[in-house]
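Chain by chain, the residues:
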Amino acid sequence: MKFSLAINMERMSPDIDMRDVARHTLEMVQMADEAGFEIAWAAEHHAIEMTIAPGPFQMLAWWGAHTDKIRLGTAVAVAPYWHPIKLAGEAGMLDLVTGGRLELGLGCGAYQREFNRMARGVKAQEAVPYMLEMLPVLKKLWAGDYEHNGTYWSFPKSTACPKPLQSPHPPVWVAARNPVSFDWAVANGCNIMTWALSRPMSEVELYKQRFEDAVSRAPAGTKRPRLLTMRYTAVYAKPEQWEIPIRAVQRQGAQFENLFRELGSVDNGFPEQIDLASLQHRAEYDPEMLRTNLMFGTPDEVIAKLDQYAALGFENFLYCASYGLPMAEQKKSLKLFIDEVMPAFRADSRRKRTAA
């Protein structure tokens, strides 16, 4: 199994020094690089302190300058916020300056609050067509001169400058949940990211089945894409420490639901925490639900949970470190994961456990 790291700069209160946050984020990526993580992923979000990511390519270039091997991914560049020429050029530049390490994640966005500020009030649920138009345009710009007359963008003959080092272009990933998005991703040569939030293992199984169904429906000769699944992750030494990440998820969840559903205010970049008990899906924030379904536990417990993913055929797991967990706890968790969990998924160790 290959492992990736999703890490954002985040501040949960104004008394946290932004310089400490930036330093911490880089150090986490460097730990992952030294440990053999495959990809470090940076998000794109605007005007919120809980996910400070206004320029994912700038973030990735910084990480790339201070790491050696880890690949660098956008998770995701939000299509409605970009012009295709700018996105194609930014991606090409990042690939160039990092020696061909870019993994381009492309998506539709999440928060209506951001769409109101970044995309002229486009409704979040109407953002998918932007991504569908964006992807083929990017590929043509990376290939050479191209003129485009589309629904959302039109421009005279142009090309991406610089071109990516990777040929014909960097690997492209899309976030998918419904069957149509799985089919589209497979048909267009895209790898797929999934995120089951705090829902049970059955949700992960559903995404895996949709992936296999999409692959089976693809025309003969279609290359099988990669499938990556993400969970909030925390590894702790003692079982009684389980409440620390649970409290972090609940706090961050109260802000996420505010942004996602526009249920509260945002003051100076800090989203108000709404009452989770008022939500129809409040069971998803129940402590036992979170403890069971997220990648939380002692090293042995996390290994057992990851074994379930491996048994389903997942070969790529995305360790999400950013959900308001204190920085010191993030570092402890990642070190335990590197020292005590990852060795169990080396080929020889995995075979022994499977046989047992």
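Preceding this paragraph is the structure being described.
Below is a short write-up of the structure.

Calculation notes
Residues numbered from 1 in each chain as written. Predicted model: local features only at pLDDT ≥ 70, side-chain atom pairs only at ≥ 80, totals over all residues. Heavy atoms only, no water. Helix = DSSP H or I, 4+ residues; strand = E, 2+ residues; numbered from the N terminus. Buried < 20%, exposed > 50% of the residue type's maximum accessible area, 1.4 Å probe, protein only. Contact = heavy atoms within 4.5 Å. Pairing = 2+ DSSP bridges. Right-handed = clockwise from strand over helix to strand, strands pointing away. Axes fitted to C-alpha atoms, helices over the stretch in contact; angles between N-to-C directions. Parallel < 35°, antiparallel > 145°, perpendicular 65-115°, else oblique. Left-handed = near helix turned anticlockwise from the far one by under 90°. Nonpolar A, V, L, I, M, F, W, Y, C, P; charged D, E, K, R; others polar. Core = buried A, V, L, I, M, F, W, Y, C linked by side-chain atoms within 4.5 Å. Polar contact = N/O pair within 3.5 Å; in protein donor to acceptor, adjacent residues only side chain to side chain. Expected span 1.5 Å × (residues − 1).

**Regarding the overall build of the protein chain**
Next, step 1: Check the secondary structure of the protein chain and you find 12 helices and 14 strands.
Next, step 2: Oriented by its inertia axes, the alpha-carbon framework of the protein chain measures out at about 60 × 50 × 40 Å.
Next, step 3: A total of 356 residues make up the protein chain; the buried ones form 55% of that total.
Next, step 4: Sequence separation of 24 or more characterises 71% of the internal contacts of the protein chain that already satisfy a separation of 6 or more.

**What to know about the environment of Tyr130**
Next, step 1: Relative to the elements of secondary structure, Tyr130 occurs in helix H5 (residues 128-143).
Next, step 2: Assessed through its relative accessible area of 9%, Tyr130 is described here as buried.
Next, step 3: With 153 residues separating them along the chain, Tyr130 and Ala283 place their C-alpha atoms 33 Å apart.

**Quick word on the pairing of strand S7 (residues 154-158)**
Next, step 1: Strand direction decides the pairing type here: strand S6 (residues 146-149) and S7, joined by three bridges, are antiparallel. Among the inter-strand pairings, Asn149 is bridged to a residue of S7, identified as Ser154.

**Considering the pairing of strand S9 (residues 191-195)**
Next, step 1: In terms of burial, S9 is a largely internal element, four of the five residues being buried.
Next, step 2: Here three bridges tie strand S8 (residues 172-175) to S9, and the two strands are oriented parallel to one another. If you follow Val174 over to S9, its bridge partner there is Ile192.
Next, step 3: As for the winding sense of the linkage, the β-α-β connection from S8 through helix H6 (residues 179-187) to S9 is right-handed.

**So, the environment of Tyr111**
Next, step 1: Structurally, Tyr111 can be placed in the loop between strand S5 (102-107) and helix H4 (112-118).
Next, step 2: What makes Tyr111 buried here is its relative accessible area of 4%.
Next, step 3: Along the backbone, Tyr111 and Gly189 are 78 residues apart, and their C-alpha atoms lie at a distance of 27 Å.
Next, step 4: Residue contacts for Tyr111: discarding those within four places in its chain leaves His45, Ile48, Met50, Tyr81, Phe256, Leu259 and Phe260.

**Topic: the packing of helix H7 (residues 201-217) against helix H10 (residues 299-312)**
Next, step 1: Closest axis-to-axis distance for the H7/H10 pair is 11 Å, and the angle between their directions is 25°. In this view, H7 runs roughly parallel relative to H10, as classed from their interaxial angle. The crossing of H7 and H10 is right-handed. Where H7 abuts H10, its residues Met201, Val204, Glu205 and Lys208 lie against Gln308, Tyr309 and Leu312.
Next, step 2: A per-class count over the contact of H7 with H10 returns four nonpolar, one polar and two charged.

**Thoughts on the nonpolar core**
Next, step 1: Counting residues in each nonpolar core, the largest one holds 85 residues, and the members touching the most others are Phe37, Trp63, Leu306 and Phe337.
Next, step 2: Of the residues forming this core, the biggest block, eight residues, is contributed by H5.
Next, step 3: Those residues in contact with Trp63 that lie beyond four places of it in its chain are Ile7, Thr25, Leu26, Val29, Ala40, Trp41, Ala42 and Leu72.
Next, step 4: Listed in part, the 22 residues of the second largest apolar core include Ala6, Ile39, Val76 and Met193.

**Quick look at the environment of Ala61**
Next, step 1: Among the structural elements, Ala61 can be located in helix H2 (residues 56-65).
Next, step 2: Separated by 32 residues in sequence, Ala61 and Met93 place their C-alpha atoms 9.2 Å apart.

**Overview of the side chain of Gln112**
Next, step 1: Within the secondary structure, Gln112 is located in helix H4.
Next, step 2: On the basis of relative accessible area, Gln112 is assigned to the buried category, the value being 9%.
Next, step 3: At a separation of 2.9 Å, a polar atom in the side chain of Gln112 contacts the side chain of Asn116.

**Structural notes on helix H11 (residues 327-341)**
Next, step 1: Helix length check: H11 (15 residues) gives 20 Å between terminal C-alpha atoms against 21 Å at 1.5 Å per residue, within 8%.
Next, step 2: Considered for burial, the residues of H11 that qualify are Gln330, Ser333, Leu334, Leu336, Phe337, Ile338 and Val341.
Next, step 3: Those residues of H11 that are buried lie in contact with strand S1 (2-6), helix H1 (18-35), strand S10 (227-235), H10 and strand S14 (316-320).

**Re the side chain of Ser181**
Next, step 1: When you line up the elements, Ser181 lands in helix H6.
Next, step 2: Look at Ser181 and you get buried, because its relative accessible area is 17%.
Next, step 3: Only 2.7 Å separates the side chain of Ser181 from the backbone oxygen of Asn178, close enough to count as a polar contact.

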